[in-house]
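# Residue-level structural notes
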Amino acid sequence: MVERWRKETHCFNFREGECTITLKDIAILTDLPIDGDVVCVDSTAPPKVVANMSGWQHFIWTVTRLCPPEKGDHDADGNPPLSKGQVSITWLTAEIRRKHNPEFGGIPLTEESSERDKEIYARIYILGMIGGVFFPKKSNNLISNSWLKIILGSWDDMGNLSWASACLAHIYRSLCNASARAVKEIDGAMFIFQFWAWEHLPWIAPKVDPDKEWGPDHPLRHEAYGCR
């Protein structure tokens, strides 16, 4: 599929003609919102406001209440927790387990937990969804700290962004970069690309049980189409 991609037109070239992933495809497959403001990421490093923390360290602490060390320690994959404006997903996951999993001596998150703890956990979860699912890097382990500036905003501000268009633009850029002759890897939300290919190119799609009913009581009936 990547070899059939033309970055001049953002389309796949087939014998029968051209086709491409559209904004409507993203919305139906993922249920991400189309309407809203443009997702604009600011990569400028925040100023240093605490003596013993860099600007990014303090910013990550503000969002997650976790402070990644800049030197010395490494995560389970051998990468530094904080490097070149990026935070390690492996380190972040390990710290969350240590904080909330009783097996690691942590305090589990429950209905009785404080609203502050619930909010921090929710923001970290959203950060993981953004950096690990919808806008992943080739390393599949690093999240750009620039996303933290959006995560730190109000819930309404985050919910009023056009995430579907941002995701589509990122997929287009990933396909354009991967179509270069010397490139051997691809990043981006490839699961959406795969769902799209299964839907539009049925000869490569997994077989579907014709007897399966998608009635109103099915647990996935009201989920995004990609879940089915």
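These notes cover the structure that comes with them. (Residues numbered from 1 in each chain as written. Predicted model: local features only at pLDDT ≥ 70, side-chain atom pairs only at ≥ 80, totals over all residues. Heavy atoms only, no water.)

### Looking at the overall build of the chain
Across its full length, the chain carries eight helices and six strands. The secondary structure elements of the chain, listed N-terminal to C-terminal, are β-β-β-α-α-β-β-α-α-β-α-α-α-α. Within the chain, contacts between residues at least 6 apart in sequence are counted, and of these 60% link residues at least 24 apart. A total of about 14,200 Å² of accessible surface is found on the chain, and carbon and sulfur atoms cover 52% of it. (Helix = DSSP H or I, 4+ residues; strand = E, 2+ residues; numbered from the N terminus. Contact = heavy atoms within 4.5 Å. Areas by Shrake-Rupley, 256 points an atom, 1.4 Å probe, with all protein chains shown as cover.)

### Topic: the nonpolar core
For soluble globular proteins, nonpolar side chains are generally found buried alongside one another. Trp-147, Trp-163 and Cys-167 are the most contacted members of the largest nonpolar core, which has 46 residues in total. Those elements giving two or more residues to this core turn out to be α1 (23-30), α2 (55-64), α3 (89-100), α4 (115-134), α5 (148-151), α7 (163-178) and α8 (190-200). A per-element tally of this core places α7 first, with nine residues. Aside from chain neighbours lying at most four places away, what touches Trp-163 is Leu-32, Pro-33, Val-39, Ile-130, Phe-135, Trp-147, Ile-150 and Met-158. (Core = buried A, V, L, I, M, F, W, Y, C linked by side-chain atoms within 4.5 Å. Buried < 20%, exposed > 50% of the residue type's maximum accessible area, 1.4 Å probe, protein only.)

### Side note on the packing of aromatic side chains
Inspection of the entire model under this criterion finds ten aromatic pairs. Between Trp-147 and Trp-163, the ring centres sit 6.2 Å apart and the planes meet at 35 degrees, which makes this aromatic pair tilted. Placement of the pair is Trp-147 in the loop between β6 (142-144) and α5 and Trp-163 in helix α7, with a sequence separation of 16 residues. Each member of the pair, Trp-147 as well as Trp-163, carries the same accessibility label: buried. Geometrically, the ring pair formed by Phe-195 and Trp-198 is tilted, given 6.0 Å between the ring centres and 50 degrees between the ring planes. Note that Phe-195 and Trp-198 are positioned in helix α8 at a spacing of three residues, about one turn of the helix. (Phe/Tyr/Trp six-rings, centres within 6.5 Å; stacked < 30°, edge-to-face > 60°.)

### Considering α8
Among all positions in α8, only Ile-192, Phe-193, Trp-196 and Ala-197 are buried. Take α8 and look down its axis: the buried residues cluster within an arc of 135 degrees, on one side only. Contacts from the buried residues of α8 go to β2 (11-14), β3 (17-19), α1, α4 and α7. (Arc of directions from axis to C-beta.)

### Let's talk about the sheet that holds strand β5 (residues 86-88)
A sheet is described by the order of its strands in space; here three strands give the open sequence β4-β5-β6, paired in antiparallel fashion. Two strands close off the open sheet at either side, each with one partner strand: β4 (82-83) and β6. Strands β5 and β6 of the sheet are contacted by α3, whose axis makes an angle of about 50 degrees with β5. (Pairing = 2+ DSSP bridges. Axes fitted to C-alpha atoms, helices over the stretch in contact; angles between N-to-C directions.)

### Considering the pattern of salt bridges
Taken as a whole, this structure holds four salt bridges when the rule is applied. Across the pair Glu-119 and Arg-116 runs a salt bridge, and its minimum N-O distance is 3.9 Å. Of this pair, Glu-119 and Arg-116 both sit in helix α4, separated by three residues, roughly a single helical turn. For Glu-119, a relative accessible area of 27% translates into the label partly exposed. In this structure, Arg-123 and Glu-119 form a salt bridge, with 3.1 Å as the shortest nitrogen-oxygen distance. Of the two residues, Arg-123 and Glu-119 both sit in helix α4, four residues apart, roughly one turn of that helix. (Salt bridge = Lys/Arg side-chain N within 4 Å of Asp/Glu carboxyl O.)

### Notes on the sheet that holds strand β1 (residues 5-6)
The strand order across the open sheet formed by three strands is β1-β2-β3, and the pairing between neighbours is antiparallel. The sheet terminates laterally at β1 and β3, the two strands that pair on one side only. As judged from the three bridges shared by β2 and β3, these two strands associate in the antiparallel manner. If you follow Asn-13 over to β3, its bridge partner there is Glu-18.

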